[in-house]
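Take a look at the letters that make up each chain.
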Amino acid sequence: MTLIPDRLESFHAHGFDTVIDVRSPAEFEEDRIPGAINLPALDNEERARVGTIYKQDSPFKARKLGAALVFRNAANHIERHLSHHEGGWRPLVYCWRGGQRSGSFTWMLREIGWRAEVVPGGYRTYRRLVTGYLYDTPLRHHLVQLGGYTGTAKTALLPRLQDRGVQVLDLEGLARHRGSLLGEMPGGQPAQKGFESDLARALCALDPARPVVVEAESSKIGQINLPPALWDAMKVAPWVEVSAPIAARAEYLAQAYDDILSDGVRLREKLAPLRYHRGHEVVDRWEAMIDAGDRLALCRALAEDHYDPAYRSSMRAHVPQVLHREETVSLAPGALDALADRLAARLQTIRI
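Described below are features of the structure shown in this document. This one's a predicted model, so the numbers in the text were calculated from it and none came from an experiment. (Residues numbered from 1 in each chain as written. Predicted model: local features only at pLDDT ≥ 70, side-chain atom pairs only at ≥ 80, totals over all residues. Heavy atoms only, no water.)

Let's talk about the pairing of strand S5 (residues 143-147)
With 5 of 5 residues buried, S5 lies mostly within the body of the structure. Neither face of S5 is left uncovered, since the one carrying Leu143, Gln145 and Gly147 and the one carrying Val144 and Leu146 both have all their residues buried. Pairing analysis gives 3 bridges linking S5 to strand S10 (residues 239-243), with the strands arranged parallel. Residue pairing in the sheet places Leu146 in a bridge with Val240 of S10. (Buried < 20%, exposed > 50% of the residue type's maximum accessible area, 1.4 Å probe, protein only. Helix = DSSP H or I, 4+ residues; strand = E, 2+ residues; numbered from the N terminus. Pairing = 2+ DSSP bridges.)

In structure tokens form, the structure reads like this:
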């Protein structure tokens, strides 16, 4: 079976048993075809070494060394990682541009008897499909933004809505960031290309004929930029909005941001730039709460002094079409379940 990668949706439905990325670990870490495993034909150091010889000495010497390294590494991968596969195994192999690395590796797999194929054009072909999907054509999906002040548990509502049959797109989950000043998460964010691959795959899995709920965000989540097709669709999407008392929001924030609230030094570093926006007196008051260990008071103050004014300013600037507002007096798990029930019932009636 030869893969003809003409559309991203058909690419995701390739039908091969395993996708093997033979690029270096550094290339793989930045982005990869979803579900691929990394069996590098050249590791990071070997790739740099061959490249240096190619540019500074001799292309022939570089190819000779590269061939020896590729076949040596391929033999090691076959013995250590692939030997358990039966004769009917069908792997799909790619490198940067479908050239020597993937070609050599695939040749060896075929010689064994496995039905291996190369991605024509390699990773670059896949990347062109992703950029075409997210940058060059309008999004086919109809979005509904889930809005509300910071601390109204919007992120926690998304999986609950999904469990109730609502289509959702968790942008903060894909970006590995909570989407606010204190939103940085352990492990850091993916590369922009990696985020876009995961985003495109998530969108391809959704039904364009049904609404998709996304949490209201700015055009940037941490260091990740939302691609134009998605951001354009979000700007014109109608909203459903949730609200909760400030005390309940402060309690929720104290739990959701436990990691950053537990690191006083890091927390101060994150809040320091706000001295130029909210004033020294306000930030000094926040730092006194940090010193006192009063998380609830700090979360309430952050909401009232920073997050809420920013949200009101954004609402005045964009004036979204709010289809429905839903209130809850508590953000405890049981109350969120009940809120998700009501929102899901309302969302099922929306026709866009």
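A short note on the nonpolar core
Counting 39 residues, the largest nonpolar core has Leu8, Leu143, Leu169, Leu171, Leu199, Leu203 and Leu230 as the members making the most contacts within it. Of all the secondary-structure elements, those providing two or more residues to this core are helix H1 (8-12), strand S3 (91-94), helix H6 (122-136), helix H8 (171-175), helix H9 (192-204), strand S7 (212-215) and helix H10 (228-235). Excluding its chain neighbours within four sequence positions, the residues that come into contact with Leu199 are Leu134, Leu169, Leu171, Leu174, Pro227 and Leu230. In this structure, Leu157, Ala248, Leu331 and Ile350 belong to the second largest nonpolar core, which totals 23 residues. (Core = buried A, V, L, I, M, F, W, Y, C linked by side-chain atoms within 4.5 Å. Contact = heavy atoms within 4.5 Å.)

What to know about unusual backbone geometry
Even without being glycine, Ala153 reaches a positive phi, approximately 65°. Ala153 sits in the buried class, given a relative accessible area of 2%. Backbone geometry places Arg176, a non-glycine residue, at a positive phi of 50°. Relative to the helices and strands, Arg176 resides in the loop between H8 and H9.

Observations concerning the sheet that holds S10
If you walk across this open sheet you meet the 5 strands as S6-S7-S5-S10-S11, and the pairing is parallel. A single partner strand is all that each edge strand has here, and the edge strands are strand S6 (167-169) and strand S11 (322-327). On average, adjacent strands in this sheet sit at an angle of 25° to one another, irrespective of strand direction. In this structure, S5 lies alongside S7, joined through 4 bridges in parallel fashion. When the sheet's bridge partners are listed, Leu143 is paired in S7 with Val212. (Axes fitted to C-alpha atoms, helices over the stretch in contact; angles between N-to-C directions.)

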